[in-house]
Amino acid sequence: MAEHEVVIAGAGPTGLMLAGELALAGVDVAIVERRINQEVEGSRASGLHPRSIEVLDQRGIADRFVSQGEKHHAVPFAGIVLDASDRPTRHNYTLALWQVKIERGLADWISELAVQVYRGCEITGFVQSDAHVDIELDDGRIMRSRYLAGCDGGRSLVRKTAGIDFPGWAPSLSYLIYEADMIDEPPLGMRYGERGLYALGRLDDGSRVRGVVTEQRLERDSSPTGDQLRGALIAAYGSDFGVHNITWLSRFTDAARQAASYRKGRVLLAGDAAHVHSPVGGQGLNIGLQDAVNLGWKLSQVVKGISPDALLDTYHGERHPVGAALLKQTLALTALNRGDDQTNALRELMAKAMQMDEPRKWYSALMSGLDIHYDLGEGHPLLGRRMPDLDLDTTDGPQRVLSLLNDARPLLLNFGKPGEFDITPWADRVKLLDVKYDGQWDLPVLGPVSAPHAVMIRPDGHVAWVGTEHKDGLVDALTTWVGSPAPA
């Protein structure tokens, strides 16, 4: 029987990110993946949003992806493009990069961290007890782990076997997404049909086409045919443009569903296993990465006995509201993609409103993941938000905040008098630095905020405590997020 502290079902972006987070913390983690390698069918997801790039930057691997992609300092909304170059982040762009390259980069990272990946096999069932989870594979092997993480997609076997409900909105539309050659020159760009959008664009080679088309009626079969694609193209454009050599063809719907709980005992869900929705806005892969980063450090602390099991409940408490908001965003954007006269009028009205300064900043932060705010109670505006990547002066020279998080350890930054803080009981778990910063503190949507006296930053980059002119609440924050103090 193979034994690991954590087993992850699925080596997609979410599973890979979670494995990396756990391995950084010294957890014995393994992935079970049905694919024999990291190849992806079709181009799939097409980019990384600013907060996801910050998350990768926190681990020192952002350059691996940025060097391969194309930067776009804008956010699309209902047929228009909004300038987003003034977002207060070092990475104020969407990085155009196909999923296959994102997965390869993450796979290389976890390989360097010596994560074991069991390829060419799938989980077929499991039984959890008070102490562990016994996992069955389709090749007859049995694995045992302390926790099982389901990162196995929208049809998640882990979620279903755990008995976690998946409520939400049933589909009303279906779409075909494809990559192919076309004999005739197609009209590139996006259009709105009576039922929804359709779009055509060139792949990286400049000759082949990637497209999406809304079908004339709802179809649920997960294996569409070339004839169905030709029929949908003719209905949308009046021609199928001689489409042939179809190398990727997939169907998706506008269904929006979310796991009722992201945790059940020793089973946890992340990414598409926890939430499915229309791909409008390109949020899915990005939200999955952020799920993984929220969960990883918490799970590692529980596995290592640093924090009580109850810390895992904060994963659902923080990420479930983010997923719920995402579902409603995709429902709204899908509705705006209809091409009837009423929706066209609404879209034109909304387009004018969204180009105003405040709505534009709000929407660009929303779609970038920069506006996420975990409810950690009343206090300074920084509390519960992502920490800005400030250029700090330290005793070791200039440092960026995100580079100080590369080892995925909690961080206490003291902007006041050096030596003012004594965190000896947590010294083996929290990095304390005396630093200086003289610039403006600027947060997405909120704008400038008052400079704090000190901040405690969790490994996921979110601020867990803000000190002003006193240290009230620091001990409680350390105990909550880093575990009980070590005995004297």
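Note that the structure is a prediction, hence the values are computed from the model and not measured.

## Some remarks on the overall build of the protein chain
Okay, step 1: Looking only at helices and strands, one finds 11 helices and 29 strands in the protein chain.
Okay, step 2: Against the globule reference of 23 Å for 488 residues, the protein chain gives a C-alpha radius of gyration of 23 Å, in line with a compact fold.
Okay, step 3: The dimensions of the protein chain, computed from C-alpha atoms along their principal axes, are 75 × 60 × 35 Å.
Okay, step 4: For the protein chain, buried positions account for 55% of its 488 residues.
Okay, step 5: The contacts in the protein chain between residues at least 6 apart in sequence include a share of 69% that link residues at least 24 apart.
Okay, step 6: With an accessible surface of roughly 20,500 Å², the protein chain has 50% of that area assigned to carbon and sulfur atoms.
Okay, step 7: Across the protein chain, the 50 positively charged side chains and the 65 negatively charged ones have centroids separated by 2 Å.

## Examining the packing of aromatic side chains
By convention here, two paired aromatic rings are described through the distance between centres and the angle between planes.
Okay, step 1: In the structure shown here, the tally under the stated rule is 10 aromatic pairs.
Okay, step 2: Here the aromatic rings of Y198 and Y237 are separated by 4.8 Å at their centres, their planes lie at 75°, and the arrangement is edge-to-face. Pair noted here: Y198 is in strand β15 (residues 197–202) and Y237 is in helix α6 (residues 226–237), with a separation of 39 residues, a long-range link.
Okay, step 3: Since its relative accessible area comes to 10%, Y198 is described here as buried.
Okay, step 4: Judged by its relative accessible area of 15%, Y237 is buried.
Okay, step 5: On the numbers, 5.9 Å between centres and 90° between planes, the contact of Y437 with W441 is edge-to-face.
Okay, step 6: The exposure class of Y437 is partly exposed, given its relative accessible area of 24%.
Okay, step 7: Looking at W441, the relative accessible area reads 4%, which means it is buried.
Okay, step 8: Residue placement shows R159 over the ring face of F166; its charged tip is 3.5 Å from the ring centre.
Okay, step 9: The positively charged end of R266 is found above the aromatic ring belonging to Y147, 4.8 Å away from the centroid.

## A short note on a nonpolar patch on the surface
Okay, step 1: Together, W362, V445 and L446 give the surface a local cluster of nonpolar side chains, amounting to about 280 Å² of exposed area.
Okay, step 2: Within the secondary structure layout, W362 lies in helix α10 (residues 357–368).

## As for the packing of helix α1 (residues 13–24) against helix α4 (residues 99–112)
Okay, step 1: With their axes 9 Å apart at the nearest point, α1 and α4 run at an angle of 20° to one another. As the angle between them shows, α1 and α4 are arranged roughly parallel. Considering how the two elements wind past one another, α1 and α4 form a crossing that is left-handed. Contacts between α1 and α4 involve P13, L16, M17, A19, G20, E21 and L24 from the first element and Q99, E103, L106, A107, W109 and I110 from the second.
Okay, step 2: Across the contact of α1 with α4, the residue classes tally to 9 nonpolar, 2 polar and 2 charged.

## As for empty space enclosed by the protein
Rolled over the atoms, a probe as big as a water molecule pinpoints where empty space is left.
Okay, step 1: All told, the structure shown has 3 cavities of 30 Å³ or more when counted by the stated rule.
Okay, step 2: Approximately 70 Å³ is the volume attributed to the largest cavity.
Okay, step 3: Together, R51, V55, Q290, V293, N294, R319, G369, I372, Y374, R386, D460 and H462 line the largest cavity.
Okay, step 4: Secondary structure elements with two or more residues in the lining of the largest cavity: α2 (50–58) and α7 (284–303).
Okay, step 5: Per-element tally for the lining of the largest cavity: the top contributor is α7, with 3 residues.

## A look at the sheet that holds strand β29 (residues 463–467)
Okay, step 1: Pairing is mixed across the open sheet formed by 6 strands, whose spatial order is β23-β22-β25-β24-β28-β29. Looking along the sheet, the strands with just one partner apiece sit at the ends: β23 (397–400) and β29. Strand after strand, the sheet turns through a mean of 35° between neighbouring axes, direction not considered.
Okay, step 2: As defined by bridge partners, strand β28 (residues 454–457) adjoins β29 across 4 bridges and the pair is classed as antiparallel. Looking at β29, one finds that M456 is bridged to W465.
Okay, step 3: Helix α11 (residues 474–482) rests against β24 (411–414), β28 and β29 of the sheet, and its axis sits at about 15° to β28.

## Points about the side chain of R386
Okay, step 1: Take R386: it is sitting in the loop between α10 and β22 (391–394).
Okay, step 2: Owing to a relative accessible area of 1%, R386 belongs among the buried residues under this scheme.
Okay, step 3: Those residues in contact with R386, other than ones at most four positions away along the chain, are R51, E54, P88, T89, L370, I372, P444, G461 and H462.

## Describing α11
Okay, step 1: Taken as a whole, α11 has its buried residues at L474, A477, L478, W481 and V482. Across the axial projection of α11, the buried residues extend over an arc of 100°, all falling on one side. Turned more than 90 degrees off the buried face of α11, the exposed positions are V475 and D476.
Okay, step 2: Of the surrounding elements, those touching the buried residues of α11 are α7, α8 (313–336), β24, β28 and β29.
Okay, step 3: The first or second residue beyond α11 is G483, which carries a positive phi of 100°.

## Observations regarding the nonpolar core
Okay, step 1: Core analysis: the biggest nonpolar cluster contains 84 residues, and I8, L106 and M456 have the highest contact counts within it.
Okay, step 2: In terms of residues, this core owes the most to one element, α7, which gives 9 residues.
Okay, step 3: Once residues within four sequence positions are removed from consideration, M456 is found in contact with L411, L412, H462, V463, A464, W465, L474, A477, L478, W481 and V482.
Okay, step 4: Grouped together as the second largest cluster of nonpolar side chains are 21 residues, M387, V401, V455 and I457 included.

## With respect to the environment of G125
Okay, step 1: Turning to its location among the elements, G125 is positioned in strand β9 (residues 123–128).
Okay, step 2: The exposure class of G125 is buried, given its relative accessible area of 8%.
Okay, step 3: Spatially, the C-alpha atoms of G125 and T253 are 27 Å apart, while their sequence positions differ by 128 residues.
Okay, step 4: Contact partners of G125, with chain neighbours within four places excluded, come to D134, I135, E136 and L157.

Criteria and cut-off values
- Counting restarts for each chain, with residues numbered from 1 along the sequence as it is written.
- Whole-chain, interface and lining totals are the exception, using all residues; otherwise, since this is a predicted model, local features are given only for residues with pLDDT of at least 70 and side-chain atom pairs are given and counted only at 80 or more.
- By convention in this description, side-chain values take in all heavy atoms of the structure and omit both hydrogens and water.
- What counts as a helix is a DSSP run of H or I of at least four residues, what counts as a strand is a run of E of at least two, and both are numbered from the N terminus.
- Throughout, radius of gyration means the C-alpha value; the globule benchmark is 2.2 Å times the number of residues raised to the power 0.38.
- The cut-offs for exposure are 20% and 50% of the maximum accessible area for each residue type, with area from a 1.4 Å probe on protein chains only; residues under the lower value are buried, those over the upper are exposed, and the others partly exposed.
- Any pair of residues with heavy atoms lying within 4.5 Å of one another is described as a contacting pair.
- Exposure was quantified through the Shrake-Rupley algorithm and a 1.4 Å probe, taking into account, for residues, occlusion by the shown protein chains and nothing else.
- His residues and chain termini do not enter the charge count, which takes Lys and Arg as positive and Asp and Glu as negative.
- Just so you know, the charge point we use is NZ for Lys, CZ for Arg, CG for Asp and CD for Glu.
- Pairing of aromatic rings covers Phe, Tyr and Trp, the last through its six-membered ring, and needs centres within 6.5 Å; plane angles under 30 degrees mean stacked, over 60 mean edge-to-face, and all others mean tilted.
- Comment: the charge-over-ring label is applied if NZ (Lys) or CZ (Arg) is within 6 Å of the ring centre and within 35 degrees of the ring normal.
- Nonpolar side chains (Val, Leu, Ile, Met, Phe, Trp, Tyr) are joined into patches within 5 Å and like charges within 9 Å, using only residues with over 30% relative accessible area and no salt bridge.
- Throughout this description, the term salt bridge denotes a Lys or Arg side-chain nitrogen within 4 Å of a carboxyl oxygen of Asp or Glu.
- Every axis in this analysis is a line fitted to C-alpha atoms, fitted for helices over the stretch in contact. Angles between the N-to-C directions lie between 0 and 180 degrees.
- The labels follow the angle: roughly parallel below 35 degrees, roughly antiparallel above 145, roughly perpendicular from 65 to 115, and oblique for the rest.
- Rotating anticlockwise by less than a right angle from the far helix to the near helix defines a left-handed crossing, while the corresponding clockwise rotation defines a right-handed one.
- Amino acids are sorted into nonpolar (Ala, Val, Leu, Ile, Met, Phe, Trp, Tyr, Cys and Pro), charged (Asp, Glu, Lys and Arg) and polar (every other residue, Gly among them).
- Cavities and pockets were defined on a 1 Å grid built from protein atoms only: a cavity is a group of points that admits a 1.4 Å probe but offers it no way out, a pocket is an open group of points flanked by protein on both sides within 12 Å along at least five of seven lines, and a lining residue is one with an atom within 4 Å of any such point.
- Grid points are joined across faces, edges and corners, and a volume is the space filled by probe spheres set on the points.
- Strands were regarded as paired on the criterion that DSSP finds at least two bridges between them.
- Each direction from the helix axis to a C-beta atom contributes to the arc, which is the arc of those directions.
- By nonpolar core we mean a set of buried residues, namely Ala, Val, Leu, Ile, Met, Phe, Trp, Tyr and Cys, connected to one another through side-chain atoms within 4.5 Å.

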